[in-house]
Amino acid sequence: MANQPFLISLVAFGAAIAAFTLTWIGYLHVKMYRRGAAFQRVNPTMKIIYSSIRIPNLEELCRKHPPQARIQVRQWDLIAKHEPFADTQDDILAIITPFSTEVNVANAEAVREIALSRPSEYPKPVEMYNILSLYGHNVVTTEGDEWKRHRRVTVPHFNEKNNAYVHESTMRTLEGAFAKWKSDNIANGNDETEIDVHNMMFRVALSVISDAAFGVKFEFDGEGYVPPGFTFSFQRSLEILSLHLVEYIAFPKWAFKLPIQYLRDIEVGFSDFHRHMRSLVSTARTEKSEKANLLAALVKAADTESDEGKALSEEEMISNMFIFLFAGHETTANVLSYATAYMALRPEYQEKLYEETNKVISLDETPAYKHFTQLPFTMAIMNESMRLYPTVPLIPKVAGAGPSGTAHFQPLLGGKYQIPVSQNASEPDLEGTSVHISFIPLHYNPKYWGPDPGEFRPERWVGEDAESLNKYAWAPFSVGGRACLGKKFSQVEFVCALTMLNRYFTWRISPEMADEEVKKNGIKEEIEASALANCRKEIEKPERAITLKPGPVKLLFKRRTTA
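The text that follows walks through the structure, step by step, so that each part is easy to find.

Scoring rules and cut-offs
- Residues numbered from 1 in each chain as written.
- Predicted model: local features only at pLDDT ≥ 70, side-chain atom pairs only at ≥ 80, totals over all residues.
- Heavy atoms only, no water.
- Helix = DSSP H or I, 4+ residues; strand = E, 2+ residues; numbered from the N terminus.
- Contact = heavy atoms within 4.5 Å.
- Pairing = 2+ DSSP bridges.
- Axes fitted to C-alpha atoms, helices over the stretch in contact; angles between N-to-C directions.
- Parallel < 35°, antiparallel > 145°, perpendicular 65-115°, else oblique.
- Nonpolar A, V, L, I, M, F, W, Y, C, P; charged D, E, K, R; others polar.
- Buried < 20%, exposed > 50% of the residue type's maximum accessible area, 1.4 Å probe, protein only.

Considering the arrangement of structural elements, one finds leucine 336 in helix H12 (residues 314-345). Separated by 50 residues in the primary sequence, leucine 336 and methionine 386 have C-alpha atoms spaced 9.6 Å apart. Dropping the residues within four chain positions of it, leucine 336 is found in contact with Met201, Phe494, Ala497 and Leu498.

In structure tokens:
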């Protein structure tokens, strides 16, 4: 019995841990239900869902459970879409946790009210965006008068001159890609080119924004020039920023000092980008050219601004260019990936797009920027792709204290609901309330999109169907004063890229996407069916970090005989 004291101690320790755990769980539930009761008193008709614990990675299990259970999953909106809102009065619901209240909005009128009619009463919680202030303040991370200063300086440079240059740059990039495909096919004796579609679109979008935003051209499959004293080329530093922003934000700074090459490359890539940007700003100042890229225009504006209080500093210019890179590159790469993948699943849309293009652009004519507004079905494909999978799934807001700074609530939907002011709540249990414009539930709301909101149907954006659409039910670029500055930049790039791809190629799902067992033992029809099912699965279960992007989709591109 010599071990008896040890066993007694072990049992006592286990009992203490169990008691503490149960007490903590009880405390969390009491706190959560107190928050819910306080919120319900001021919003008796709003649906409330309690979520004591957010489970991070049980998506597949949760698909089999009702919408209320799906809220427990971190990415509930991707799984449940609009389902949790189906029994609400106004497509607005509150998710109550022990420490926060999230008012989720999938109502177009409420979106209009928050973003357009009363933006000062529903400001952006800028502290949530501090992670994007890596190089200083910018148009995304500021609010109030500071935001107005950034926007006043940056908006004018997203103009027709730059849009035309975006078109030229996209043409040049795709022509380089096509030449690479042709040489590879000749070398390999193939008539089709297998492409990992997101990797492809990632490089296309990176090349375009490098040229149109920064004035730096690089070959589609090149590595770029590494100046003396740098570790990476400008091209490679852009790639590192785009691919590893989450790690750079999430990891502590000391982690990048560890003897791990992967992490050290990330730190050096971000540092090199900053140094490259300083060099580009200096060059733009020296040349004083009339180039159409955004950086040259920003530098010129800063140097000609007589009021120093209104001009952007060099660090602010660099920070804004970082935001343009991140937002612009991710948006276009992701939507091109979704669009081409959906068109592989539905090849009839390739032919419909081809017919539209040939009516506008003759086969012996080169696509030009003037054709941009003449291709409505191409734009419809972009809109539908972004409806199903918006690049950013939500926009967080908070209720502000108003001009007087004393308000405890802000009305919503004409006063039907009262949203507690997060930092000036009338009682502690109402503090920490946020408002989320939830794009995915909004974009899948059958009230606005009919009985088939989950279907890829670009036709809803043209003709009579388009006339009945509620313009506030689709908001992937946001709406109002804080709408995306680069919306047309992205649209021009998308239309040009998809027009070029569809004009010269057809594409289909690669058999390599089929299950391994089916590839080994299946007949052609079974392989194609397996590949199609897996392609759909990768589209419908996107990867979510800061933005949404599809999983790995492999497509086979074949040159049209008429091209």
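So, on to the pairing of strand E7 (residues 417-420). Here strand E6 (residues 409-412) runs beside E7; their pairing, made up of 4 bridges, is antiparallel. What sits directly across from phenylalanine 409, in E7, is proline 420. Hairpin remark: E6 followed by E7, antiparallel, with 4 residues in the connecting loop; positive phi at leucine 413, about 55°.

Quick look at the packing of H12 against helix H14 (residues 376-388) now. Between H12 and H14, the least distance of the axes is 9 Å, while the angle of their chain directions is 100°. By the angle class used here, H12 and H14 are roughly perpendicular. Facing H12, whose interface residues are Thr331, Val335, Tyr338, Ala339, Tyr342 and Met343, H14 presents Ile381, Met382, Ser385, Met386 and Leu388. Among the residues making up the contact of H12 with H14, the classes are represented as 9 nonpolar, 2 polar and no charged.

This next bit is on the pairing of strand E3 (residues 101-105). Counting buried residues along E3, 5 of its 5 residues qualify, which places the element largely inside the surrounding structure. Every second residue of E3 is oriented toward a common face, with Thr101, Val103 and Val105 on one face and Glu102 and Asn104 on the other, all of them buried. Bridge analysis of strand E2 (residues 92-96) against E3 gives 5 bridges, and the strand direction is antiparallel. Of the residues in E3, the one forming a bridge with leucine 93 is asparagine 104. Counting the residues in the hairpin turn of E2 and E3 gives 4 residues. One ladder, built from 5 bridges, connects E3 with strand E8 (residues 433-438); its direction is parallel. When the sheet's bridge partners are listed, valine 105 is paired in E8 with isoleucine 437.

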